[in-house]
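Residue-level structure breakdown
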Amino acid sequence: MELEPLYKVKVTCHYCENEFETSRVRPSLKRPYRTDSDFCAYYKQENPDFYVVRICPSCGFASTENSSANLNEMQRKAFIEQIGNRWVKRDYSGARNLEQALATYKLGLLCAQVIQEKDRVVAGLLHHIAWLYRYMEDQTQEHRFLEFSLEAYIKVFEREGTGGNEAKLLYLLGELNRRVGKFHEAVQWFGRVIHDKRITDAAMIRASREQWALLREQMISGKMELPQEMLEADKEAAKRSPL
């Protein structure tokens, strides 16, 4: 007998403390059949990313597992005035289609912005919204939200500085710049991952080298002038070549 892909968990609302149910995808089914270079994943069955945002049906407060659990008085006041007082009760506890998932992310983003949530949470929500538009093949909106998420991830880097996951963040800044057409900036971020001796994340170093090479091809085919970093890397490669 095949298991249902979804199961329900109970969550306590960060605002009104109401206990409600929300769905998750079974861990055994969280295996994507492919993943894009900015970590957007594709699944044959239910997409776990559709269920990241939990929405309280009572007050409308939307959060993720990474959201701040305790709201101060200023945050509570901002939420109820700008969102809670206008909330029309809806239930997102069951299966979600693409449009419903997008609605939950947009409410999650609105809540995060209103309460001035951590930059990393806001950046993740913006990036996920870009992925949802990618699934919809809406390139205009995808590009728009990739730019928003790029700005937010830059804030994360500037405010949080170096952390345990720095290599992945640096790589992502390079890849998002590449995807929105900011090629010179992309080269600089990829270069930091490749050349910084303190970075030991082999997977991110390899990914940065691959995207650097792809970026170089894109720039050459577009008849764009290669940045100095790339020209110097080409010279170094030529020196090492036995030919």
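Model, not experiment: these values are computed from the prediction.

A few points about the side chain of Asn-47
In this fold, Asn-47 is placed in the loop between strand 4 (41-42) and strand 5 (54-55). Under the relative-accessibility criterion, Asn-47 is labelled buried at 7%. At a separation of 3.0 Å, a polar atom in the side chain of Asn-47 contacts the side chain of Tyr-135. Not counting chain neighbours up to four residues away, the residues in contact with Asn-47 comprise Val-25, Ala-41 and Tyr-135.

Some remarks on the confidence of the model for the chain
The predicted model of the chain has a mean per-residue pLDDT of 92, with 94% of residues at 70 or higher. Put simply, helix 8 (residues 228-240) is where the chain has its lowest mean pLDDT, 75, and helix 2 (residues 98-114) is where it has its highest, 98.

Brief notes about the packing of aromatic side chains
In this description, an aromatic ring pair is defined by two values, namely the gap between the centres and the angle between the planes. Counted according to the given criterion, the structure contains ten aromatic pairs. Taking the centre distance of 5.3 Å and the plane angle of 85° together, the rings of Phe-157 and Trp-189 count as edge-to-face. Of this pair, Phe-157 sits in helix 4 (residues 139-160) while Trp-189 sits in helix 6 (residues 183-195); the two residues are 32 residues apart in sequence, bridging distant segments of the chain. Among the residues examined, Phe-157 registers a relative accessible area of 14% and is labelled buried. These aromatic residues form a ring-pair network of at least three members: Tyr-33, Tyr-42, Phe-50 and Tyr-135. For the cation-ring pair, Arg-34 lies above Tyr-42, with the distance from its terminal atom to the ring centre recorded as 3.8 Å. Over the aromatic face of Phe-39 sits the side chain of Lys-168, whose NZ or CZ is 4.7 Å from the ring centroid.

Comments concerning the pairing of strand 2 (residues 19-25)
Two elements, strand 1 (residues 6-12) and strand 2, share seven bridges in a ladder whose sense is antiparallel. Across the sheet, Val-9 pairs through a bridge with Thr-22, a residue of strand 2. The antiparallel pairing of strand 1 with strand 2 creates a hairpin that spans six residues between the two strands, and Glu-17 there sits at a positive phi of about 65°.

Cut-offs applied
Along each chain, the written sequence defines residue order, and numbers are assigned to residues from 1. In keeping with the model being predicted, local features are shown solely for residues with a pLDDT of at least 70 and side-chain atom pairs are shown and tallied solely at 80 or more, while totals for entire chains, interfaces and linings include all residues. Calculation of side-chain values draws on the structure's entire complement of heavy atoms; hydrogens and water are dropped beforehand. A run of DSSP states H or I qualifies as a helix once it reaches four residues; a run of E qualifies as a strand once it reaches two. Both are numbered from the N-terminal end. Summary of the burial criterion: residues with accessible area below 20% of their type's maximum are buried, those above 50% are exposed, and those between are partly exposed, where the area comes from a 1.4 Å probe applied to protein chains only. Polar contacts, as counted here, are pairs of nitrogen or oxygen atoms within 3.5 Å of one another; within protein the pair requires one atom able to donate a hydrogen and one able to accept it, and residues that are adjacent in sequence qualify only if both atoms are side-chain atoms. Here, two residues are considered to be in contact whenever any of their heavy atoms come within 4.5 Å of each other. pLDDT is a residue-level measure of predictor confidence that goes from 0 to 100. For Phe, Tyr and Trp, rings pair up if their centres lie within 6.5 Å, where Trp contributes its six-membered ring, and each pair is then called stacked (planes under 30 degrees apart), edge-to-face (over 60) or tilted (otherwise). Put simply, a charge is over a ring when the Lys NZ or the Arg CZ is close to the ring centre, within 6 Å, and near the line of the ring normal, within 35 degrees. Two strands are counted as paired when DSSP detects at least two bridges linking them.

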